Amino acid sequence: MNRSSCLLASALTAGMLLSTAACSSDDGNASGRTDRSASPAAASASPVSASPVADEPRAAASSGSASASASPAVRELTKDEAHTALITNSDLGSQWTTSEGAATWRDALLKSKVDASQFVTDKGNAADCQKLLDGLYAEDLLGKPKGESADTGFDDSDDEAQMRYEVAAYGKQALDDQFTWLDSLPDKCDQFTAVSTKGGRQTVQVIHTDLDDAGDARKGLQIKMTGDLDDNPDTLTLDFAAVRVGDSALSLTNGGLSGAEHDSTTQATEAGADRLKDVLNGKSPKPTQG
C-alpha cells in the first residue's frame, strides 16, 4: 500500500473512532448512567463539569429517598415486650389475685344470639349488637391482633368479679376504626334482647363510661345482661375498656354477677397505659407503687 493510501485509511479509522465515542457519550447521558469502563486517562483528558440544572431532579430524588428512609418505622411489640407491658395484681389492689379460670356465667349469658325481630327498621344494628356479644365472648372486641400479643387474668375475692387483660399490636388505622365502631354501640345497641343457648331470654343494655386521660385514645363501655342463670334471675355487669398507645393497645373486661368496680377498671387502664408507653419507648416499666 502506498503512503497516500495509508494516510487515507488512518483518517477514516480515526473518524470512525471519534464518531463511536460521540455516540457512546450521548447514550450514556440519555440513560443517566456513567460508563465506568472508561480509563482514568480518558476521563482526565476530557473533564466535564456537572450542570446544576441537570442535577436538580437527581438531588430532589435523593432528598426524597432520604426523607422516606428517615420516616419512623411502625413500632411493633415483640413477644417479650407484650408480656412486660401486662399489669400485675399489684397494679389493682390486694383483693385481686391471679385468675383460677373462667366463670360459669361466660357460656350461660355471653354465648347468646340477638333476637333480630326487634330490629325491624335497621337490620344493621342487629349485626352490630351480635358482633358485640361475639366479641365479648371471644375476648376480641378490638379485632384480631396484627402483631404480638399477651394476656392475663385476675379474680376479685371481694365480689367474685373477673378481669381479663390483653396487650397487642393492631395498627393505628385498625384501632381507630374499632374505636369508632365501639363509640356507636350505645346508640345502636342501647337496649336489646338476646337468647341464650338454652332458650332463655335476656335484656342487654350498653352505655358509655368515662376513662381517665390515658394513652393516645381511649374508649369505655358498660354492658349489663339480665337473664336467668341456673333458673334464677341474675344480672351480669361488665366494664370494657381499651386504650391505644401508638399502634398498640391494651384492653380489658372487668365485672361479674355482683357488678363491676369501675375504680379497678380505671386503675388498670392508667397503670397499663404507662407500662405500654414505657415498653414502646424502650424503657423498663416503673415498678408499681405499694
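Everything here concerns the structure above.
The notes below deal with the structure included here.

About the criteria used
- Residues numbered from 1 in each chain as written.
- Predicted model: local features only at pLDDT ≥ 70, side-chain atom pairs only at ≥ 80, totals over all residues.
- Heavy atoms only, no water.
- Pairing = 2+ DSSP bridges.
- Helix = DSSP H or I, 4+ residues; strand = E, 2+ residues; numbered from the N terminus.
- Axes fitted to C-alpha atoms, helices over the stretch in contact; angles between N-to-C directions.
- Contact = heavy atoms within 4.5 Å.
- Parallel < 35°, antiparallel > 145°, perpendicular 65-115°, else oblique.
- Left-handed = near helix turned anticlockwise from the far one by under 90°.

**Thoughts on the pairing of strand 6 (residues 201–209)**
- Relative to strand 6, strand 5 (residues 191–196) runs antiparallel, the two sharing five bridges. The residue bridging Thr193 from the neighbouring strand is Thr203, located in strand 6.
- As consecutive antiparallel partners, strand 5 and strand 6 are separated by four residues, and within that stretch Gly199 has a phi angle of approximately 90°, a positive value.
- Of the pairings in the sheet, the one linking strand 6 to strand 7 (residues 217–229) comprises seven bridges and is antiparallel in character. Counterpart to Thr209 in the pairing with strand 7 is Gly220.

**Digging into the sheet that holds strand 1 (residues 96–98)**
- Strand order in the open sheet formed by nine strands is 1-3-4-9-8-7-6-5-2, and the pairing between neighbours is antiparallel. This sheet does not close on itself; its edge strands, each paired only once, are strand 1 and strand 2 (112–114). Between one strand and the next, the sheet's axes are offset by a mean angle of 25°, whatever the strand orientation.
- Contacting strand 2, strand 5, strand 6, strand 7 and strand 9 (248–256), helix 6 (residues 123–138) runs over the sheet at an angle of about 165° to strand 2.
- Across the face of the sheet, helix 8 (residues 262–280) comes into contact with strand 1, strand 4 (162–169), strand 6, strand 8 (232–245) and strand 9 while running at roughly 160° to strand 9.

**Some thoughts on the packing of helix 6 against helix 7 (residues 172–188)**
- Two elements in contact, helix 6 and helix 7, have axes separated by 10 Å at closest approach and are oriented at 115°. The orientation of helix 6 with respect to helix 7, classified from their angle, is roughly perpendicular. Crossing hand, helix 6 versus helix 7: left-handed. Seen from helix 6, the contacting residues are Asn125, Asp128, Cys129, Lys131 and Leu132; seen from helix 7, they are Gln178, Trp181, Leu185 and Lys188.

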